[in-house]
Amino acid sequence: MTSLIRKKNDLAARLAKDGPRKMLAIDGGGIRGIISLKILERVEQILIEKSDNPQYRLADFFDYIAGTSTGGIIAAGLSLGMKVDDILSFYTDNGKDIFNKASIVRRLRYQFNSEPLAEKLREVFGETTTLGSGEIETLLLLVMRNATTDSPWPICNNPFAKYNDPRHPACNLNMHLWQLARASTAAPIYFPPETLVCGDKPFIFVDGGVTMYNNPAFQMFLMATVSNYWPLAPPEKRGWKTGVDEMLIVSVGTGTSAGENLSLTAEEMNILYNATNIPSALMSAALNEQDFLCRVFGQCVAGAPLDREIGDMIGSVGPFSNKAFRFVRYNADLTEAGLSRIGCSDLVPERVQRLDAVDSIDALERIGQQVAHNGVSESHFKFETFRPVEPSAQPN
């Protein structure tokens, strides 16, 4: 992944402008973030074609980008104005190095060493780039869990947030971007936790995927619209306007694999079974709940069925006739039936479902490309209302 060389606009000035807001959220899911990136590659292509500018980036269109775990890495890169292809190269070129097996003794605590990932994140985002850096072109939300305080920590660079006041002794904007991304990806069992100093206190962080925000879409919506998240802004600017013509939320997943295992016995559900299955089960439940909330409060125009009872909710009014935003959801079904539906029946589901499936990078790219081909449409972006903003700058 190449370094960014764009000139940046002032984030506060961008936030001060009126007009419809565009928001993007990316789920957690390990190396399966490649699926998300192939989907986003198609979105970027549409934006480039519509803007008639080959230098157009997702950061030029989306005002707010959120990510959890691997989605946090992608969100951070996009918010810096990086091309999707450059971020994809980060995964395809470094995936096997990042998922570097820990020693036998250390595998009692975690499977992979953290230093290869940390080194790559420092290299790409910069050793000293902070959350408050002027290089970040959009609002950026990264989700992690503070194990020290036993609480989820959705951290954003909103300059009007309470704990982003430069006068606050524990101002979040002083935290390093690479380290926040590393903390958000510290999935229990997979990677060791990350310690960050906030103010004068050290806190231990783990993957945001073990909170309710593995899919951060609805939390991003709340942080964009609830006035309590904007206390330092002028009263009339505390939160963005809602409405289907005022806000678009695009949510991108890394694949799901819910299915029956009728051969499972109660005796098999031992400590080892739970240790290896509970993290992914929590992530799956969390992303589904956030997706459901977005379809209830928003006008869903694209998305696969949530389950056999709820369906896809496209066109559904539900309890709220006045929808708060337009909602688009892209994701892949990694079960045998799901892969078959997108023309990937030759792939082995178990090989592409793993969070550390570095031996299936080509397959993950193919899955994402097929989802994008079948599901991403220009109409989802409603360009007559959500006019792309002018690119913030050209490359030097």
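Summarised in this report is the structure supplied together with it.

Parameters and conventions
Residues numbered from 1 in each chain as written. Predicted model: local features only at pLDDT ≥ 70, side-chain atom pairs only at ≥ 80, totals over all residues. Heavy atoms only, no water. Buried < 20%, exposed > 50% of the residue type's maximum accessible area, 1.4 Å probe, protein only. Helix = DSSP H or I, 4+ residues; strand = E, 2+ residues; numbered from the N terminus. Contact = heavy atoms within 4.5 Å. Core = buried A, V, L, I, M, F, W, Y, C linked by side-chain atoms within 4.5 Å. Phe/Tyr/Trp six-rings, centres within 6.5 Å; stacked < 30°, edge-to-face > 60°. Pairing = 2+ DSSP bridges. 1 Å grid on protein atoms, 1.4 Å probe; cavity = no way out; pocket = protein on both sides within 12 Å on 5 of 7 lines; lining within 4 Å. Points joined across faces, edges and corners; volume = space filled by probe spheres on them. Nonpolar A, V, L, I, M, F, W, Y, C, P; charged D, E, K, R; others polar.

## Some words on helix H6 (residues 115–125)
Along H6, the residues that are buried comprise Leu 117, Ala 118, Leu 121, Arg 122, Val 124 and Phe 125. Among the structural elements, helix H4 (70–79), helix H5 (84–98) and helix H7 (177–184) are those in contact with the buried residues of H6. At the C-terminal side of H6, Gly 126 shows a positive phi close to 100°.

## Describing the nonpolar core
Judged by nonpolar contacts, the single largest core of 83 residues is most densely connected at Leu 24, Leu 78, Phe 125, Ile 367 and Phe 381. If one sorts the elements of this core by residue count, helix H2 (residues 33–51) sits on top with eight residues. Judged by nonpolar contacts, the second largest core, of 27 residues, contains Cys 294, Cys 300, Phe 325 and Phe 327.

## Overview of the environment of Cys 344
You can see Cys 344 is positioned in the loop between helix H10 (336–341) and helix H11 (349–353). On the basis of relative accessible area, Cys 344 is assigned to the buried category, the value being 0%. Sequence spacing of Cys 344 and Gln 370 is 26 residues, and the spatial spacing of their C-alpha atoms is 8.3 Å. Residues within four places of Cys 344 in sequence aside, it is in contact with Leu 339, Arg 366, Ile 367 and Gln 370.

## Some remarks on the packing of aromatic side chains
Applying the stated criterion across every chain, the model contains 13 aromatic pairs. With a centroid separation of 5.1 Å and 65° between ring planes, the pair formed by Trp 153 and Phe 205 is classed as edge-to-face. Taken together, the residues Trp 153 in strand S4 (residues 151–156) and Phe 205 in strand S6 (residues 201–207) connect sequence positions 52 residues apart. For the residue pair Trp 153 and Phe 205, the accessibility class agrees, reading buried in each case. Here Phe 218 and Phe 221 contribute two aromatic rings whose centre-to-centre distance is 5.5 Å and whose plane-to-plane angle is 40°, an arrangement assigned as tilted.

## Details of the pairing of strand S3 (residues 139–146)
Each regular strand shows side chains that alternate between the opposite faces of the sheet. Where burial is concerned, most of S3 is hidden: seven out of the eight residues are buried. Of the strand pairs in this sheet, strand S2 (residues 64–68) and S3 are connected by five bridges, and their pairing is parallel. Considered in S3, the bridge of Thr 68 is made with Val 143. Direction of pairing for S3 relative to S4: antiparallel, over a ladder of six bridges.

## What about empty space enclosed by the protein?
Under the defined criterion, the tally for this structure stands at one cavity of 30 Å³ or more. Reported here for the largest cavity is a volume of approximately 210 Å³. Listed by contribution, the elements that provide at least two residues to the lining of the largest cavity are H4 and H5. The dominant element in the lining of the largest cavity, judged by the number of residues it contributes, is H5, at four residues. Partitioned by chemical class, the residues of the lining of the largest cavity number twelve nonpolar, six polar and one charged.

## A closer look at the layout of surface pockets
A volume near 490 Å³ is recorded for the second largest pocket. In terms of lining, the second largest pocket is formed by 22 residues, of which the most central are Pro 154, Ala 161, Lys 162, Tyr 163 and Asn 172. Contributions of two or more residues to the lining of the second largest pocket are made by S4 and S6. Among the elements that take part in the lining of the second largest pocket, S4 stands out by supplying four residues, more than any other. In the lining of the second largest pocket, the residues fall into 13 nonpolar, six polar and three charged.

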